[in-house]
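# Structure at a glance
Spelled out, the chains give:
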Amino acid sequence: MSPRTPLLVANWKMYKTVAESRVWAERFREAALREGLGQGRELVVAPTAPSLWVVATALDGTGVGVAAQNLDLGVEGALTGAVSGYLLRQAGAEWVVLGHSERRQHFGESDQLVAEKVLAAVEAGLEPIVCIGETEEEHRAGKTQERLLQQLSPVVAAAGPERWPGLVIAYEPVWAIGSGRTPTPEVIDEIAGSLRSWLGQQLPGVGAATRILYGGSVNEQNLASFWSLEHIDGALVGGASLDVERFVTMAKTPLGAKEERR
Ligand code: PGA
């Protein structure tokens, strides 16, 4: 497989009880086995932490991966309320979404803390999906690129060339999340392309190999337009992933030009 295997990630945020998560995962399991979902692409589901184990168990043997939505620094210790990458791995996670704008906005996560979490994830054997994105204000002020590089720079510095491989970037404009609005595919591709060349300058060799996802109001109608982009390798889907039928539809969406390039 090419090093940039197409990747589709469901981010459930703080939705679904454990019972609801199990039902979703069992239905998705049936569809995955029946329809061969996941062929030529990777599929990952990010439930809430209490549902990780049941979702990982239900999806076992399907090839569908499971992601946590956050981790706390450390391994184990007297840190009441914290959940480390190590513990997430034990609960069945193989991936972790880090630096989501909701974590930055509501939990005060700084660019530096996100970089530290990326290192902790790699040390715990989790594959990080690092979210970056500009606010509407930054977008209007023409500061998108500046903000994205500000968010990525500490991650690049912390990971270095040794720990970077496997790391996935998710470009999610804050103003596109849950709003029904997205930048045009051309703009998304241009941004991802410039991130890619910047990464190549910072860490020679990694630019062309790094997977960059788009996230923000992705659904079964618009997904195909993102699959066709040269620099976008997949999508991070929030609201539209909560309904299992919708996510099955997205998991089946033809890869278009991406298929031909492989
Ligand atoms: P959305 O969320 O698809 O509901 O816009 C995406 C995300 O926050 O990852």
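Whatever comes next refers back to the structure up there.
Source: prediction; values computed, not measured.

Parameters and conventions
Residue numbers here run from 1 along each chain, matching the order of that chain's written sequence. Only residues with pLDDT of at least 70 are given local features in this predicted model, and only at 80 or more are side-chain atom pairs given and counted; all residues enter the totals for whole chains, interfaces and linings. Based on all heavy atoms of the structure, the side-chain values leave hydrogens and waters out of the count. The pairing test for Phe, Tyr and Trp rings, Trp by its six-membered ring, is centres within 6.5 Å, and the orientation test on the planes gives stacked under 30 degrees, edge-to-face over 60, and tilted for anything in between. The secondary structure listing takes helices from DSSP runs of H or I that are at least 4 residues long and strands from runs of E that are at least 2 residues long, numbered from the N terminus. Remark: exposure states derive from per-residue accessible area (1.4 Å probe, protein chains only) relative to the maximum for the residue type, with buried under 20%, exposed over 50%, and partly exposed in between. Note on pairing: DSSP must find at least two bridges between two strands before they are called paired. With the strands pointing away from the viewer, any crossover whose connection runs clockwise from the first strand over the helix to the second is right-handed. Angular values range over 0 to 180 degrees, each being the angle between N-to-C directions of two axes fitted as lines to C-alpha atoms, with helices fitted over their stretch in contact. Any two residues whose heavy atoms approach within 4.5 Å are treated as being in contact. To be near a molecule or strand, a residue needs just one of its heavy atoms within 4 Å of it. Pairs of N or O atoms are called polar contacts if they sit within 3.5 Å, as long as, within protein, a hydrogen donor faces a hydrogen acceptor (for residues adjacent in sequence, only side-chain-to-side-chain pairs). Where accessible areas are quoted, they stem from the Shrake-Rupley method and a 1.4 Å probe; at the residue level, only the protein chains shown are allowed to cover. Polar here means any residue outside two lists: the nonpolar Ala, Val, Leu, Ile, Met, Phe, Trp, Tyr, Cys and Pro, and the charged Asp, Glu, Lys and Arg; Gly therefore counts as polar. By the counting rule applied here, Lys and Arg register as positive and Asp and Glu as negative, while His and the ends of each chain are not counted. Salt bridge, as used here: a side-chain nitrogen of Lys or Arg that lies within 4 Å of a carboxyl oxygen of Asp or Glu.

Bringing the packing of aromatic side chains into the picture now. Applying the stated criterion across every chain yields a total of six aromatic pairs. Residues Tyr 214 and Phe 226 carry aromatic rings whose centres are separated by 4.8 Å and whose planes lie at 35° to one another, so their mutual orientation is tilted. Remark: Phe 226 occurs in helix α9 (residues 223-227) and Tyr 214 occurs in strand β7 (residues 211-215); sequence separation between them is 12 residues. The class for Phe 226 is buried, based on a relative accessible area of 2%.

What follows covers the pairing of strand β4 (residues 95-98). Side chains Trp 95 and Val 97 of β4 all project onto a buried face; the interleaved residues Val 96 and Leu 98 project onto the opposite face, where all are buried too. In this structure, strand β3 (residues 65-68) lies alongside β4, joined through two bridges in parallel fashion. Paired with Ala 68 across the strands is Val 96, a residue of β4. Running through helix α3 (residues 85-90), the crossover from β3 to the neighbouring parallel element β4 is right-handed. In this structure, β4 lies alongside strand β5 (residues 127-132), joined through four bridges in parallel fashion. By the bridge assignment, Val 97 is partnered in β5 with Ile 129.

This part takes up the sheet that holds strand β1 (residues 7-11). Spatially, the eight strands close up into a barrel ordered β1-β2-β3-β4-β5-β6-β7-β8, and their pairing is parallel. Between one strand and the next, the sheet's axes are offset by a mean angle of 25°, whatever the strand orientation. In this structure, strand β2 (residues 42-46) lies alongside β3, joined through two bridges in parallel fashion. Counted as the bridge partner of Val 44 is Gly 65 from β3. Its contacts with the sheet put helix α7 (residues 144-163) on β5 and β6 (168-171), and the angle it makes with β5 is roughly 150°.

Before going further, it helps to spend a moment on the site of the ligand. Around the ligand, 13 residues are found, and the nearest of them are Lys 13, His 100, Glu 172, Gly 178 and Ser 217. A distance of 3.3 Å separates an oxygen atom of the ligand from a polar atom in the side chain of Asn 11. At a separation of 2.7 Å, an oxygen atom of the ligand approaches a polar side-chain atom of Glu 172. In the complex, 94% of the free accessible area of the ligand, which totals 280 Å², lies under the protein chains. Residues of the shell around the ligand, tallied by class, amount to four nonpolar, seven polar and two charged.

Our focus in this paragraph is the side chain of Glu 172. Along the chain, Glu 172 turns up in the loop between β6 and α8 (185-202). No salt bridge is formed by the buried Glu 172. Its closest oppositely charged neighbour is Lys 13, at 6.5 Å.

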